[in-house]
Amino acid sequence: MKIAEGYSKRVCALLSSILTIASMAGASSDVRAHWTMNDGAGTDLTDSSGNGNTLVGKNFAYSQGLNSAAVSLKTDGELRAENSESLNPADAITVEAWIRPWEPNFQDSPTFVFKDGSYVLSFVPGKKVGFRLWVGGKEHLLSSKKTDWKKSVWYHVVGAYDGRKMRLYVDGKLDNEVPMSGKIDASDSPVFVGTANGKHFLWNPIDEVRIFGRALAVDEINKATLAGKFEAERMDARHAAFFHKGEKRKPKAVVPGYIWVDAEDFDEYGGWWMETQFVPQVGSPYMLAAGTGEPVEDAVTTVNVEKPGTYKLWVRNRNWVKDHNPGTFNVSVNGKKSDTVFGTEPIEEWVWQDGGIFELEAGDVELKLHDLTGWYGRCDAIILTRDMYYIPPFVLEGYKGEQRRLTGRGAAEKTEGDYDVVVVGAGAAGINAAISSARMGAKTALIQNRPMIGGNNSTEMGVPILGPADFGKKNAREGGLNEEIGRLRSFNFMQKWSNGAEVIAAGEKNLTIFLNTHVYDVERTEGNRIVAVRAFDMIDGHLSRYEGKQFIDCTGDAWVGYYAGAELMRGREPRWMFNESNAPEEADIMTMSGALMHSHTLGYNSVDTGKPEPFSGPDWVWDLSFNTTNLQARKGYEKTHKSGSWWHENRNDVDDLWNPEAARDGLIRVSVSYWDWIKNVSDSKEKAANRKLLPLPVTNAKRETVRLVGDFVLKQDDLVETVWFEDAIGHGGWGLDIHHPDAIFSTEGPFDFNTHISMYNVPFRMLYSKNVPNLMMAGRNVSCTHVALGTVRVQGTTGMMGQAVGTAAAMCVRYGTDPRGIYQKHITELQQQLLKDDQYIIGLRNEDLNDLALDAGVSASSEKSALFSAQNVLSGVSRIVGDQMNMWASDPAQDMPQWLEVKFRKPKEVNAVYLTFDTDLNDAKRATWEWKDDERMPPECVRDYQVQLFDGSIWTTVAAVTGNYQRRRIHRFPSTKASKIKVVVNATNGDQSARVYEVRAYNE
C-alpha cells in the first residue's frame, strides 16, 4: 500500500507502519532482545531481535496492547528468558517498556524488567520509576521525578546508560539523570519481565519490551514514544488527527489590508475541536465548542499585523438552533472582547457577523475564541480588514473564491495518477473492493474523505460489522475478506474491524490510499463513461484528479453516481411500484436517520461521579414526557440511564444528504433531550441521579440517503421468497429492518417493520449502474428499494458486496469489458473466483477447472465419523450447510499430529496450495471477534501445521506454520512436480480434532 501526500502525511506514515512499533523507533542497532508480546497464543514469547532470547511464560494472559497484544501476569505467573551473552551488555545499555498501571503497590516495587545483579527497571516507593544498575559490585538507583500515574494509561519508560550518565525517560522526555561510569556487571541471572523472580509482580499490562547494548539517543526515544502514543490513541479512539490540523497556515496579509484566519489554524485549540465532516457544505473545516453545557477552554492564536491602524473584525459562524442561540461565543482581540456575541443570527446558515472596530499596533495580535455556553458553538473563519466598507461574501461559491484570494491558496489541480480501478469511499464495502481489486492485479486507488479508513466502522465512529450471523442465522458469516480482517482484528486485540483492514491494506502493493479527499465532480465521455473523478482535500482544499478505467461508488451517499448522471432512487417507494406490503401507500423522500457515534459511544455516555448531578435541560431540548410509556417499554431502555441506544434518532424527514450538518445537530438535540427526560421524568431518574453527561459524539453514522439504479432492483418479495439468482455473488440474511419514521418521537416503538427472512443470495446486477457503463457500487447505495435496504445495508453484507465488485472491476480491466459484460459473458468465472477467495454463495460449489485437486483421491490418518470424511475436503463447499459438515475432522481420541493426504491421478506441477480451516462460522462475528481467548483463536481452528509434497520418492515440506488463527491460508512455492500433497496438523487452538474444510492445488 502507498499513502498519498497531503494533510494526512503524518497519520498515513504511521498508518503504513502499524505492523510494528519497533519499526518506528529509528535505526535500532545492537538490539539484544525485543519482545513485542504479539504472539497471542501459547506460552513462548518470541524475541524479534534475532538473538533467540525467547521469553518462556506461565500463568499469564494476553490483553489489549499498543497496537496488538500485551501481557499481564497472573498469580504465580512468570516470563523468563534464560541468561545469554547478548543479555549482558557491559559498556552501555537501554532498557525500555510500555506499561499501563492501575493503582500499583509502589511499596512492593512492581517490576518491569529484572536481571539480578545487572539491571532492573521498575516502580519504586514514593510512586516513582526506578532504574537500577550494578557496576563494580555496587548497586546504583536512579529514581524518576514523576510521581503521578493515571489509571489505565500507557506510559513509555526508558532507562539508559552510556558509560557516563544514567538517564530515565518517561514518555519521550528526560525525567532525571546522574553521572556514573564503569562497566555494567554481568550476571548469570535470567531476565524476568513483569516480576523479579517470583516477587514484586507488576500485575498490569506490559508491552514492547526492549534491551539494547547501547544508550538510545533522545530523538530515538522520543520517536518511539510518539509512535506508541499514536497507536494507543488509535486503539482508544482518541486519535488527535480526528480533531486537530497537522500542518497549519500562519495567517498573513496576502492582500494588503486583509488578514484571513481559518479557525482550524489557531495555535492552540483549547477545548474546541476541528470539525471536518461538512466541508463540502460549509466550504472549510471549522472549530466546534463541544461541551455539555459547560463552556470549553479558549482557543488562542496570534497573527502578525504589518501595518497599524483601524481594523474591522468579521467572524463566520452559525446559529444551529435559530430560535434559541445554543452555541454562542465571544472573540477577543488583544484582550479586548468584541461587543458582538456570535452564534445569534436568526438563521440556521453560515453567516458573517460584524465584530466591530479595533485599533491595532503593528506586530503580533492575540485572538481568542471564548465559548459562552458549552453547547456546540462554531466558528469557521475570522477576517481583520482596514476596509471599513468591506462585506465578505455569504454564498458558498463566493466564500470559497474569497478564501483563495485572501489566503493565496491556489486553485491548481494535480492529476494523481491513471488507475485501473478507482474506489471512492472506504467503509467496509470500499475497503474490501479496493483490497480485492489490488489482489487481482489491478492498479487501484482508494479515495476516502475522512482521516482514516473504515467508514461507519472506523475508530471515529465504530458501528460494528453485522450480518446474517448476528440475526440468528447458522453458519452464516460471510467468509472472504470480512473473515480474514475480522480474525486479524480479534487476534491482535484491535478495537475495530477497520484496524485490521489497515494492516491488510498496508500489505497490498497495488493499492494507493488517499485520505481526507472528497470527490466533488466526475469527467465523462459522450457515452456517459467516467474518465476521471475530481476531488478536494478536506483540510487545506487543494484539488486533485484521478483517472481510471473502472469506478466503484462506495460513498454511501452515491456521490460518484450523482455527478456521473446515474439514475437514482431516494426515499420510500409507493406500495404499488414494486408490490411491497411493507412499503407506504404513497411515495415520499423520507430516509432512515443516522445515529451519533464515536468508538464505543452511541448517542451519549455518562459517568457516575458519586454525588448528585442535577441536570436542567436547556431551552432548546424537546419535551419527551408525552412519550414516556413507549420509551420505557423499548428494548434497551434499562441501560439508557448510562448511555444511548441505536433508536436515539431524528425524524425521517431530516435531510442527511443535502443538509448533513443540520441532521447531526438534530441528533445532538435528540441525545440532550433524552438525557433531560432520563434525569427528570423517567422511572430511571434515581439510577441516573449521580451520573454526569460526557461530551457527545459529533459524527453521524448514516443509515440511508440515496441508492443507484442497476440492471436489477432488489425488492421485498425477492428476499421474503428467497429468489434464486443466476448471477449470485454472495449472501445476506439480516432482517428487513426499517426504523420508524417518527424515530425517538414514535409512540409505536422504534421499528416501522422488522421482518425476519431466510438467508438469500445477492445478484451482481444490483451492483452496477444501469446507465453509467463503467460504474459499480457497493454499500447502502446499491440498487434496491427502501424496504430491501433494511437487510442489505448492514456492513457484513456491504463488505461482501465490496469484495464482489472489486473482483469484478479487475476482471473488467483484464477482459477489456464493463460490468454488464461480466454479467453477460463472465459471471461463472466471477463466481468461481469469489468462491476461491472464500466468499460464500448459496447453492454454488467449487468447479474451478484450474484446481488440480478436484479430481484427486483423499485419505486421512483418522476420521471423527462418516459425517467428517476426508472426502469432504473436495466437496466444493467450505462450510457447514444444513446437516452436511463439508469438512474433514480427525478422530478426537487420537493424538496429534494428524494428517490429510491428497493424491493426484498422475503427477502434476504445483506451485500453490489453498487451505480452508474451521473458524466456527456458526457464531455471530461480533462475539467471535471479541477478546476472550477461546474466541480470539477459535478452538476449532488448526494452529500448527505443515504442507508437504511427494515427488514420488521423498516428502518435501513447502510450508510450516505455527500460531495460525486464520480460516484461509495460501501457500506459494516454486513449481514442483508432485503426486501427493499432505497437510500435517500438529496442533489446534484447543479442539481435539484436526479440522479442514478444503484443500485446493494450483499451478498459477
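Residues numbered from 1 in each chain as written. Predicted model: local features only at pLDDT ≥ 70, side-chain atom pairs only at ≥ 80, totals over all residues. Heavy atoms only, no water.

Caption draft 1: The arrangement of the overall build of the chain in detail. If you tally the helices and strands in the chain, you get 18 helices and 50 strands. A compact globule built from 1004 residues would reach a C-alpha radius of gyration of about 30 Å, and the chain, at 30 Å, matches this within 12%. Counting only C-alpha atoms, the chain reaches 95 × 90 × 60 Å along its principal axes. Counting every position in the chain, which comprises 1004 residues, the buried fraction comes to 64%. When contacts within the chain are restricted to residue pairs at least 6 apart in sequence, long-range pairs at least 24 apart make up 74% of them. If you sum the accessible surface of the chain, you get close to 36,200 Å²; carbon and sulfur atoms cover 49% of it. (Helix = DSSP H or I, 4+ residues; strand = E, 2+ residues; numbered from the N terminus. Rg over C-alpha atoms; globule rule 2.2 N^0.38 Å. Buried < 20%, exposed > 50% of the residue type's maximum accessible area, 1.4 Å probe, protein only. Contact = heavy atoms within 4.5 Å. Areas by Shrake-Rupley, 256 points an atom, 1.4 Å probe, with all protein chains shown as cover.)

Caption draft 2: Summary view of unusual backbone geometry. With an omega of 0°, the peptide bond between M896 and P897 qualifies as cis. Mapped onto the fold, P897 is located in the loop between β45 (888-889) and β46 (898-917). Of note in the backbone geometry, Y376 takes a positive phi value of approximately 65° without being a glycine. Within the element layout of this structure, Y376 appears in the loop between β24 (363-371) and β25 (377-385). Phi is positive for A743, which is not a glycine, with a value near 55°. Mapped onto the secondary structure, A743 falls in the loop between β40 (736-739) and β41 (751-755). Judged by relative accessible area, A743 falls into the buried class, the value being 1%.

Caption draft 3: Structural view of the sheet that holds strand β37 (residues 699-701). Strand order in the open sheet formed by 3 strands is β34-β33-β37, with antiparallel pairing between adjacent strands. Either end of the sheet is taken by a strand with one partner, and the two such strands are β34 (601-602) and β37. When strand β33 (residues 595-598) meets β37, the two strands line up antiparallel, connected through 3 bridges. Each bridged residue has a counterpart across the sheet, and for L596 the counterpart in β37 is N700. On top of the sheet, helix α11 (residues 660-680) reaches β33 and β37; it is set at about 85° to β33, its chief contact. (Pairing = 2+ DSSP bridges. Axes fitted to C-alpha atoms, helices over the stretch in contact; angles between N-to-C directions.)

Caption draft 4: Highlighting the packing of aromatic side chains. Considering all chains together, one arrives at 40 aromatic pairs under this definition. In this structure an aromatic cluster arises from ring pairing among Y604, Y637, W647, Y674, W675 and W677. Over the ring of Y399 we find R316; its NZ or CZ atom is 3.7 Å from the centre of that ring. One residue, K864, lies across the ring of F868, its end atom 4.9 Å from the ring centre. (Phe/Tyr/Trp six-rings, centres within 6.5 Å; stacked < 30°, edge-to-face > 60°. Lys NZ or Arg CZ within 6 Å of the ring centre and 35° of its normal.)

Caption draft 5: Fine view of the pairing of strand β4 (residues 55-64). Bridging between strand β3 (residues 44-45) and β4 involves 2 bridges; their strand directions are antiparallel. The partner of L45 across the bridge, within β4, is L55. Bridge count for β4 against strand β5 (residues 69-81) is 8 bridges, and the pairing is antiparallel. When the bridges of β5 are listed, G57 appears paired with L79. The hairpin formed by β4 and β5 contains 4 residues between the paired strands.

Caption draft 6: Molecular detail of the environment of W314. Relative to the elements of secondary structure, W314 occurs in strand β20 (residues 309-318). If we skip the residues at most four places from it in the chain, W314 touches W352, Q353, D354, A381, I382, I383, T385, Y390, I391 and P392.

Caption draft 7: Layout of the sheet that holds strand β19 (residues 299-305). Here we have 4 strands laid out as an open sheet, ordered β19-β24-β21-β22, and antiparallel in their pairing. Pairing within the sheet leaves two strands with one partner each, and these edge strands are β19 and β22 (336-337). One ladder, built from 5 bridges, connects strand β21 (residues 329-333) with β24; its direction is antiparallel. Along β24, the bridge assignment pairs F329 with D371.

Caption draft 8: Broad picture of the nonpolar core. Counting 99 residues, the largest nonpolar core has V533, I552, L714, I729, F764 and L830 as its most contacted members. Here this core gets 9 residues from one element, more than from any other, and that element is helix α14 (residues 795-815). Every residue in contact with F764, bar those within four places of it in the chain, is listed here: D727, I729, M776, A808, P819, I822, Y823, I827 and L830. In this structure, L121, F123, Y155 and I211 belong to the second largest nonpolar core, which totals 45 residues. (Core = buried A, V, L, I, M, F, W, Y, C linked by side-chain atoms within 4.5 Å.)

Caption draft 9: The arrangement of the pattern of salt bridges in detail. For the structure shown, the criterion picks out 67 salt bridges. Close ionic contact of R318 with E661 constitutes a salt bridge, the shortest N to O distance being 3.7 Å. Taken together, the residues span a long stretch of sequence, with R318 in strand β20 and E661 in helix α11 at a distance of 343 residues. Taken individually, R318 and E661 each receive the classification buried, so the pair is uniform in this respect. Overlapping salt bridges, with partners in common, bring together E275, R318, R378, E661, R664 and D665 in one network. (Salt bridge = Lys/Arg side-chain N within 4 Å of Asp/Glu carboxyl O.)

Caption draft 10: Structural detail: the packing of helix α6 (residues 480-491) against α14. Between α6 and α14, the least distance of the axes is 7 Å, while the angle of their chain directions is 115°. Across the interface between the two elements, G480, L481 and N482 of α6 pack against Q795, G796, G799, M800 and Q803 of α14. Along the lines of polarity and charge, the residues of the contact of α6 with α14 split into 2 nonpolar, 6 polar and no charged. (Nonpolar A, V, L, I, M, F, W, Y, C, P; charged D, E, K, R; others polar.)

Caption draft 11: The arrangement of the pairing of strand β29 (residues 517-524) in detail. Inspection of the sheet shows β29 paired to strand β30 (residues 530-537) by 7 bridges, in the antiparallel sense. Across the sheet, residue R524 finds its bridge partner in β30, namely I530. Counting the residues in the hairpin turn of β29 and β30 gives 5 residues, including N528, whose phi is positive at 70°.

Caption draft 12: Here's a closer look at the environment of K229. For K229, the location among the structural elements is in helix α2 (residues 218-235). Taking the C-alpha atoms as reference points, K229 and S862, 633 residues apart in sequence, are found 50 Å from one another. Other than its neighbours up to four places away in sequence, K229 contacts W98, V153, W154, Y155 and D171. One polar contact links K229 to D171, side chain to side chain, over a distance of 3.4 Å. (Polar contact = N/O pair within 3.5 Å; in protein donor to acceptor, adjacent residues only side chain to side chain.)

Caption draft 13: Highlighting the state of the cysteines. On inspection of all chains with the given rule, the structure shows 0 disulfides. With no disulfide of its own, C784 has C554 as its nearest cysteine by sulfur position, at a separation of 14 Å. The exposure class assigned to C784 is buried, which follows from its relative accessible area of 0%. Among the cysteines around C812, which has no disulfide bond, C554 carries the closest sulfur, lying 14 Å off. (Disulfide = S-S within 2.5 Å.)

Caption draft 14: Focus on a nonpolar patch on the surface. Together, Y562, L568 and W658 make up a nonpolar patch on the protein surface, roughly 290 Å² of accessible area in all. Assignment of secondary structure puts W658 in the loop between α10 (628-633) and α11. (Patch = residues over 30% accessible without salt bridge, like charges linked within 9 Å, V, L, I, M, F, W, Y side chains within 5 Å.)

Caption draft 15: View of the packing of helix α5 (residues 428-439) against α14. Where α5 contacts α14, the axes come no closer than 7 Å and their chain directions differ by 30°. Accordingly, the angle class assigned to the pair α5 and α14 is roughly parallel. The chirality of how α5 crosses α14 is right-handed. Packed against α5, whose contacting residues are A428, A429, N432, A433, S436 and S437, the element α14 presents Q795, T798, G799, M800, G802, Q803, V805, G806, T807 and A810 at the interface. (Parallel < 35°, antiparallel > 145°, perpendicular 65-115°, else oblique. Left-handed = near helix turned anticlockwise from the far one by under 90°.)

Caption draft 16: Here's a closer look at the side chain of N317. Structurally, N317 can be placed in strand β20. Overall, the relative accessible area of 1% leaves N317 in the buried class. Reaching out from N317, the side chain makes a polar contact with the backbone nitrogen of G343 at a distance of 3.0 Å. Separated by 3.1 Å, the side chains of N317 and Q353 make a polar contact. When sequence neighbours within four positions are dropped, the list of residues in contact with N317 reads F329, F342, G343, E349, W350, V351, Q353 and R378.

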